Amino acid sequence: MMLATATDPSNPAILQRIYELRSKVRRHDARPNDGRCGRVSAALETEFGWQSQYGYLRLLDGTVSWVHCWNRLADGTIIDATADQYQDLWLGDVVTVDPTSQMSANYLHAPREWELRFSRGPNGEHVEGVTCVSGDDVHVLSSDDPDRPWLSLARGVLRVLTGWELNDDLAGLAARSLRAKAATAEAASTADLIHPLVIASIQHLGGRGRQAWIAAEFLEPM
């Protein structure tokens, strides 16, 4: 195993080894249209000592990959060895992001789990707010748009969960998820909210008017 202090991802030999490890993992798992980010980042951690991380990645078009893994060096540099799966929605093939770059904020490592508690009006029917609770951290949200209260609440919830201002398409889907959950329960979990967003992200990546992405390791003529 090579120590992180003895490696430099800009070194052509190190970059070549990253490609070799990525190819080895992908060919072993035999899933041509899956970036295998978790297993690739784990392989890089074993080889180089770079910490494997997981979380959300905000893409260039404002959408989010809600399930992604990458590596982080001791100095904060991010190595995203499976960025190729996002094609033109991210920064390239094997991506290196300097910790001083504004793009580093697009990676959210180990997002916290939140309980989303619905606050109802006097008659108990209409939801007037959402209280987001994670340990001792509490955010009380109310709608600031009487014409679209669920959209307003969802936008606020996503801001608490991610720290990002996300677009109306994502907020709209989150609003539908929250409203559906509120019809049958007094609270929702992060997983309840994120699950439909994960499905939408997969559909977005695979439905952009082009053929489904196939990893370079599997593009040889058949």
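For the structure itself, look to the data block above.
Residues numbered from 1 in each chain as written. Predicted model: local features only at pLDDT ≥ 70, side-chain atom pairs only at ≥ 80, totals over all residues. Heavy atoms only, no water.

A. Examining the packing of aromatic side chains more closely. Under the definition given, this model contains 5 aromatic pairs. Between W90 and Y107, the ring centres sit 5.8 Å apart and the planes meet at 70°, which makes this aromatic pair edge-to-face. Taken together, the positions of W90 in the loop between strand 3 (78–80) and strand 4 (95–97) and Y107 in strand 5 (residues 107–109) put the pair 17 residues apart, joining distant regions of the chain. Both residues of the pair, W90 and Y107, belong to the buried class. An aromatic cluster is defined as three or more aromatic residues linked by ring pairs; in this entry it consists of W70, W90 and Y107. (Phe/Tyr/Trp six-rings, centres within 6.5 Å; stacked < 30°, edge-to-face > 60°. Helix = DSSP H or I, 4+ residues; strand = E, 2+ residues; numbered from the N terminus. Buried < 20%, exposed > 50% of the residue type's maximum accessible area, 1.4 Å probe, protein only.)

B. Structural view of the sheet that holds strand 8 (residues 137–142). Reading across from one edge, 8-7-6-9 is the order of the 4 strands in this open sheet, with antiparallel pairing throughout. Of all the strands in the sheet, just strand 8 and strand 9 (187–189) have a single pairing partner and so form its edges. Shown here is a sheet whose adjacent strand axes are inclined to one another by a mean of 20°, direction ignored. Examined bridge by bridge, strand 6 (residues 115–120) and strand 9 share 3 bridges and lie antiparallel to one another. (Pairing = 2+ DSSP bridges. Axes fitted to C-alpha atoms, helices over the stretch in contact; angles between N-to-C directions.)

C. Layout of the layout of surface pockets. Its boundaries defined by the atoms lining it, the largest pocket holds a volume of some 460 Å³. As for the largest pocket, its lining consists of 17 residues, of which N33, D34, Q85, I202 and L205 are closest to the centre. Secondary-structure elements contributing two or more residues to the lining of the largest pocket are strand 2 (64–72) and helix 5 (190–206). Counting residues per element, the lining of the largest pocket draws most heavily on helix 5, at 5 residues. The class makeup of the residues in the lining of the largest pocket is 9 nonpolar, 6 polar and 2 charged. (1 Å grid on protein atoms, 1.4 Å probe; cavity = no way out; pocket = protein on both sides within 12 Å on 5 of 7 lines; lining within 4 Å. Points joined across faces, edges and corners; volume = space filled by probe spheres on them. Nonpolar A, V, L, I, M, F, W, Y, C, P; charged D, E, K, R; others polar.)

D. The arrangement of helix 4 (residues 168–182) in detail. The end-to-end C-alpha separation of helix 4 is 20 Å, in line with the 21 Å expected for 15 residues at 1.5 Å each. Along its buried surface, helix 4 packs onto strand 2, strand 6, strand 7 (127–134), helix 3 (149–162) and helix 5. Between the side-chain oxygen at the start of helix 4 and the backbone nitrogen of D169 there is a gap of 3.1 Å, and the oxygen is on N167. (Expected span 1.5 Å × (residues − 1). Contact = heavy atoms within 4.5 Å. Polar contact = N/O pair within 3.5 Å; in protein donor to acceptor, adjacent residues only side chain to side chain.)

E. Summary view of the pattern of salt bridges. In the structure shown here, the tally under the stated rule is 18 salt bridges. The salt bridge partner of D84 is R26, with a shortest N-O separation of 2.9 Å. Of this pair, D84 sits in the loop between strand 3 and strand 4 while R26 sits in helix 1 (residues 12–29), and the two are 58 residues apart along the sequence. Pair check on accessibility: D84 and R26 agree, each one buried. The residue D29 makes a salt bridge to R39 at a minimum N-O spacing of 2.5 Å. Taken together, the residues span a long stretch of sequence, with D29 in helix 1 and R39 in helix 2 (residues 37–48) at a distance of 10 residues. By relative accessible area, which is 15% here, D29 ends up buried. For R39, a relative accessible area of 40% puts it in the partly exposed group. A single salt-bridge network, built from bridges that share partners, covers R22, R26, D84, D93 and E217. (Salt bridge = Lys/Arg side-chain N within 4 Å of Asp/Glu carboxyl O.)

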